[in-house]
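Spelled out from the first residue to the last, the chains are:
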Amino acid sequence: VRARGAALVVVFGTVAVVAALAHPHVFINNKMTVLFDGGKLKGMTFRWAFDDMFSEMILTDFKPNVDGNFSAKQIATIKGGAFDNLENYHYFLAFFIGKKPLRKIRIEQFTPSVVEGSKLIYSFFVPLDLPVTADEQTVRVTVYDDTYFVAFDLMHADDVVVKGDEGVSVGLSIEKTKVKPLWPGQYMPDNLVIRFKESS
Amino acid sequence: MKRPALVLALVLASSLCFGQEVPNPFTAQNTRPRTGVFTTITSGAAAFLFSLMAPVQKMLNESLASMTRALKGSRSLGGLLLVAALALAYGIFHAAGPGHGKTIVSSFLLANEGKIRQSFIIGYLVAAVHALSALTVVLVLYYLIRGIFATGVEQANHYIQLVTFAVITLIGAVMLVRRSMGKAHSHAHHHEHAGPDDAQGPEAGLTMKSLLGIALPAGVIPCPGAVAVVLFALSLHMLAVSILAVSSISLGMGTTISATGAVVILVKRGAIRAVAGAHEERDMKIRRVVEIAGAAILFLFGLVFFLAQL
């Protein structure tokens, strides 16, 4: 009898785990560019392509010009109405410079646009300004919404390109996050690992 | 000493499926100040399932959008059926995430002696109200108010949630007082009734009135998924299709919520039987503990989210 009760608890536990899964309302495909310039890792550009439904919802409120572009004034309105609040979410970004987490994320060049007539794109630049040295340095970045409102596509190697890396030796890989889990088996999203130093 | 542990495990496991209502991070204003980097509560098994489910949901979302768009050009019966089927699947998956609806239904079923059949009534009722509410909010904002849509949804949500969680807190409080003072329903007595639920007296468990009473507040917060689908169809000037889609989503969500409710009832029964065995007295005692716990969860859940809305 006890075994049967225990089995039921296990079944319920499994259901609970399934229920704790994503409940996303927004789907984003994320592409990244790692930019080097003048002996520095200048920063990273993120390009978020939204799903059709969320695109429609934002574009209902913020209409672009006929060519799919937004004016400076329109960009400011979108930024205030449908982007700036992400500061409270670290912009869904977790950076680690070496072992140090980046506490404050700055955003530059926020640019919304519309492609294929209906798909909303956000792109923005996160400055890092890390001098390239003879010693190898490591930057890790994870893109992830822990409230599950937004589901990011899983990270793939071809989601990231490197630019301006003349004279820099750069290694990219995707691995499990180095953030320590709070308990064994906790779900941790993948992260992009950038290793860079002066090329000899 | 295994038995109290089992009850504890039951309560802990059920609390796991209790989700929260999260605002849209993009359009909310100054919500959720954050401290840590990661606060995710998901287990290892979920990591695997997550990687499977997120792409499925994205695929459903995209197919639903493109099929709806295709219908604009040529409205065929096959196309309509396909949209309905996709919306149904979308609803099933959508309701599988953490949400306040399942929390309320689960704790309500823990606190009361419900039947499996009633979990289906309550599940589909909650889903119907959830989707209807979304449809109403979108139609009102889209056709009557015509302001900034996302802000409108957030504001409407705020007021609906304020009232909802006040009502939930009240229901939880009343139930908590009743369960703490009164006796739990005896198990033996439960088998004596064979008639239809709504014909039973208040002591016989859940009446149709009490099912409606909990389904309304549990469902009335508009489903954000349904809001997105309706708005999408409306922007293509397809009101009828948006109603078809929202009905199918509701049916799908109802299936998931009902199944969750049925599991709660089965686990509650199984656990009580496992712990109490044939002891009638112990059965009553444990049943009472579980029911008080359910009422307490309902009350606290309502209170926390009510305070969060102030």
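Preceding this section is the structure that the text describes.
Worth saying up front: this structure is predicted, and the values here are computed from it rather than measured. (Residues numbered from 1 in each chain as written. Chains lettered and ligands numbered in written order. Predicted model: local features only at pLDDT ≥ 70, side-chain atom pairs only at ≥ 80, totals over all residues. Heavy atoms only, no water.)

What follows covers the overall build of chain B. Tallying secondary structure elements over chain B gives 11 helices and 0 strands in all. The linear arrangement of helices and strands in chain B, starting from the amino end, is α-α-α-α-α-α-α-α-α-α-α. Among the 310 residues that make up chain B, the fraction classed as buried is 53%. A separation of at least 24 residues holds for 84% of the contacts in chain B among residues at least 6 apart in sequence. (Helix = DSSP H or I, 4+ residues; strand = E, 2+ residues; numbered from the N terminus. Buried < 20%, exposed > 50% of the residue type's maximum accessible area, 1.4 Å probe, protein only. Contact = heavy atoms within 4.5 Å.)

With that settled, consider the pattern of salt bridges. For the structure on display, the rule yields 14 salt bridges over all chains. With its nearest N and O atoms 3.0 Å apart, the salt bridge here joins Lys-79 of chain A to Asp-84 of chain A. One continuous salt-bridge network, built from bridges that share partners, spans Glu-113, Arg-179, Lys-268, Asp-283, Arg-287 and Glu-291 of chain B. (Salt bridge = Lys/Arg side-chain N within 4 Å of Asp/Glu carboxyl O.)

The next point concerns unusual backbone geometry. Residue and element names in this part refer to chain A. Even without being glycine, Phe-92 reaches a positive phi, approximately 60°. With respect to the helices and strands, the residue Phe-92 is situated in the loop between helix H3 (72-82) and strand S3 (93-97). The class of Phe-92 is buried, set by a relative accessible area of 2%. With a phi close to 55°, Gln-109 is a non-glycine residue in the positive phi region. Relative to the elements of secondary structure, Gln-109 occurs in strand S5 (residues 108-115).

This part is about the nonpolar core. Counting 67 residues, the largest nonpolar core has Leu-64 and Phe-149 of chain B as the members making the most contacts within it. The element contributing the most residues to this core is helix H10 (residues 239-276) of chain B, with 11 residues. Residues in contact with Phe-149 of chain B, not counting those within four places in the same chain, are Met-57, Thr-60 and Asp-61 of chain A together with Val-138, Leu-141, Val-227 and Leu-231 of chain B. One finds Leu-41, Met-44, Phe-83 and Leu-192 of chain A within the second-largest nonpolar core, a separate group that totals 48 residues. (Core = buried A, V, L, I, M, F, W, Y, C linked by side-chain atoms within 4.5 Å.)

A few words now on the packing of helix H4 (residues 100-111) of chain B against H10 of chain B. Residues and elements named next belong to chain B. Direction vectors running N to C along H4 and H10 enclose 30°, while the axes themselves pass 9 Å from each other. By the criterion of interaxial angle, the relationship of H4 to H10 is roughly parallel. Judged by the twist between their axes, the crossing of H4 over H10 is right-handed. Across the interface between the two elements, Lys-102, Val-105, Ser-106, Leu-109 and Leu-110 of H4 pack against Ile-257, Thr-260, Gly-261, Val-264, Ile-265 and Lys-268 of H10. Across the contact of H4 with H10, the residue classes tally to 6 nonpolar, 3 polar and 2 charged. (Axes fitted to C-alpha atoms, helices over the stretch in contact; angles between N-to-C directions. Parallel < 35°, antiparallel > 145°, perpendicular 65-115°, else oblique. Left-handed = near helix turned anticlockwise from the far one by under 90°. Nonpolar A, V, L, I, M, F, W, Y, C, P; charged D, E, K, R; others polar.)

Quick look at the sheet that holds strand S11 (residues 190-198) of chain A now. Residue and element names in this part refer to chain A. Ordered by their spatial adjacency, 5 strands build an open sheet running S4-S3-S7-S11-S10, and the pairing between neighbours is antiparallel. Each edge of the open sheet carries a strand with a single partner, namely strand S4 (100-101) and strand S10 (168-176). By the bridge criterion, 9 bridges tie S10 to S11 in an arrangement that is antiparallel. In the strand pairing of S11, Leu-172 is matched with Ile-194. (Pairing = 2+ DSSP bridges.)

Residue and element names in this part refer to chain A. If you walk through the whole model with that rule in mind, you get 21 aromatic pairs over all chains. An angle of 70° between the planes, with centres 5.8 Å apart, marks the rings of Tyr-89 and Phe-92 as edge-to-face. An angle of 70° between the planes, with centres 5.7 Å apart, marks the rings of Phe-92 and Phe-152 as edge-to-face. Here Phe-92 is found in the loop between H3 and S3, whereas its partner Phe-152 is found in strand S8 (residues 150-152), with 60 residues between them in sequence. Residue Phe-92 shares its accessibility class with Phe-152, and that shared class is buried. (Phe/Tyr/Trp six-rings, centres within 6.5 Å; stacked < 30°, edge-to-face > 60°.)

All names here are of chain A. Where S5 lies against strand S6 (residues 119-131), 6 bridges are found, and the strand directions are antiparallel. When the bridges of S6 are listed, Ser-113 appears paired with Ile-121. The turn linking S5 back onto S6 is made up of 3 residues, and Glu-116 within it adopts a positive phi angle of 50°.

A few words now on the pairing of strand S1 (residues 26-37) of chain A. Residues and elements named next belong to chain A. Pairing between S1 and S8: 3 bridges, direction parallel. In the strand pairing of S8, Val-26 is matched with Val-150. With 10 bridges connecting them, S1 and strand S2 (residues 40-50) associate as antiparallel partners. Bridging from a neighbouring strand, Asn-29 pairs with Ala-49 of S2. The hairpin turn running from S1 into S2, its antiparallel successor, is 2 residues long, and Gly-38 in that turn takes a positive phi close to 55°. Inspection of the sheet shows S1 paired to strand S9 (residues 160-163) by 4 bridges, in the parallel sense. Residue Val-34 lies in a different strand from S9, and its bridge partner there is Val-162.

This part takes up the packing of H10 of chain B against helix H11 (residues 280-309) of chain B. Residues and elements named next belong to chain B. Following both chains from N to C, one finds H10 and H11 inclined at 140°, their axes separated by 9 Å at the closest point. In terms of their interaxial angle, H10 and H11 are classed as oblique. As for how H10 packs across H11, the hand of that crossing is right-handed. Every residue of H11 that contacts H10 at Lys-268, Ile-272, Val-275 and Ala-276 is listed here: Arg-282, Asp-283, Ile-286, Arg-287, Val-290 and Glu-291. Per-class residue counts for the contact of H10 with H11 are 5 nonpolar, no polar and 5 charged.

Positionally, Ala-296 of chain B belongs in helix H11. Once the C-alpha coordinates of Ala-296 of chain B and Gly-172 of chain B are considered, the two residues, 124 residues apart in sequence, prove to be 6.6 Å apart.

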